[in-house]
Amino acid sequence: MWRSDMSRSLASMSYRIRTYGDPVLKSRAATVRDVDGKVVRLVDDMFDTLVDSGNGIALAAPQIGVQKRVVVWDIDDDPLAIINPEVVESDGEWVFDEGCLSIPGLYVEMLRPKRVLVRGVGLDGEIIEIEADELEARMFQHEIDHLDGVLMFDRLEGDQRRDALAEYRRIEEQEGTGARSRPGEPIRRRLRLS
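Residues numbered from 1 in each chain as written. Predicted model: local features only at pLDDT ≥ 70, side-chain atom pairs only at ≥ 80, totals over all residues. Heavy atoms only, no water.

A. Layout of the sheet that holds strand β6 (residues 115-121). Within the open sheet, the five strands sit side by side as β1-β2-β3-β6-β7. Their pairing is antiparallel. Single-partner strands in this sheet number two, and they are β1 (58-60) and β7 (127-133). Direction aside, the axes of adjacent strands within the sheet are offset by 40 degrees on average. Inspection of the sheet shows β6 paired to β7 by seven bridges, in the antiparallel sense. Of the residues in β7, the one forming a bridge with V118 is I130. In this fold helix α2 (residues 134-147) packs onto β1, β2 (70-74), β3 (79-91), β6 and β7, with an angle of close to 125 degrees to the strand it touches most, β7. (Pairing = 2+ DSSP bridges. Helix = DSSP H or I, 4+ residues; strand = E, 2+ residues; numbered from the N terminus. Axes fitted to C-alpha atoms, helices over the stretch in contact; angles between N-to-C directions. Contact = heavy atoms within 4.5 Å.)

As structure tokens, this is what we get:
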């Protein structure tokens, strides 16, 4: 568990979220050997960054440039963190639009296992297991991919990958020119499975 409330401490800070093209996103993150004050502070900073993103449900440490196997998430106002997570079991299939704070504006229909069992370490240093399905299962798989240096584009093949990369480039160009349907609103695009 993170904090009992979502208030910010004076010592915490928000990081810039790294985006597609940043080499830190393509590297495997290091295993956390000791859950100490530095890790707890990192978790606090990650939550601040997640809240400041305005639309994310989860964040992996590499997305803020920290090569540690740490994930935070907040689904249904229940902020949690896990250290060194791994999927130990999975089953079923679920197709759903998937987005990424490191690939802003693009949502791609992707097939992933519907249910997962995730094992990792809590902030208290104890081993935890979480059974997750649908959105929470997808979130774990997506964030663990980040810990392994895998991005959404890497999960796509052929035409879907080419189309997704082209669409992301268009989004970047439109963001750069300020072309939006409504000023101040982020550009969003959805691509379907072929």
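After that view, the rundown keeps rolling.
B. Spatial organisation of the nonpolar core. In terms of nonpolar packing, the biggest core is built from 18 residues, with L42, M46, L59, V70 and V72 touching the most fellow members. Breaking this core down by element, the ones donating at least two residues are α1 (37-53), β2 and β3. The dominant element in this core, judged by the number of residues it contributes, is α1, at six residues. For V72, the contacting residues outside a window of four places in its chain are V43, M46, F47, L50, I57, A58, L59, L80 and A81. A58, L80, V118 and A137 belong to the second largest nonpolar core, which has 17 residues in total. (Core = buried A, V, L, I, M, F, W, Y, C linked by side-chain atoms within 4.5 Å. Buried < 20%, exposed > 50% of the residue type's maximum accessible area, 1.4 Å probe, protein only.)

C. Quick peek at unusual backbone geometry. If you check the backbone angles, D76 has positive phi at about 60 degrees while not being a glycine. Along the chain, the position of D76 falls in the loop between β2 and β3. We classify D76 as exposed; its relative accessible area is 72%. Positive phi, normally seen in glycine, also occurs at E134, with a value near 45 degrees. Of the residues examined, E134 reaches a relative accessible area of 34% and is grouped as partly exposed.

D. Representation of α2 within the structure. The first and last C-alpha atoms of α2 sit 20 Å apart over 14 residues, in line with the 20 Å expected at 1.5 Å per residue. With eleven of its 14 residues buried, α2 lies for the most part within the structure. Remark: G149 follows α2 within two positions and exhibits a positive phi of approximately 75 degrees. (Expected span 1.5 Å × (residues − 1).)

E. View of the pattern of salt bridges. Per the counting criterion, the structure on display carries 15 salt bridges. Between R115 and D91 there is a salt bridge, with the nearest N and O atoms lying 2.8 Å from each other. A residue pair is termed long-range when its members are at least 10 positions apart, and R115 in strand β6 and D91 in strand β3 qualify at 24 residues. Taking relative accessible area as the criterion, R115 reaches 37% and is therefore assigned partly exposed. A salt bridge links R112 to E98, with the nearest nitrogen and oxygen atoms 2.9 Å apart. Of the two residues, R112 is situated in strand β5 (residues 106-112) and E98 in strand β4 (residues 94-99); the sequence distance between them amounts to 14 residues. This pair shows no difference in class: R112 is buried, exactly as E98 is. Each member of the salt-bridge network shares a partner with another, and the members are E98, R112, R138, D145 and R155. (Salt bridge = Lys/Arg side-chain N within 4 Å of Asp/Glu carboxyl O.)

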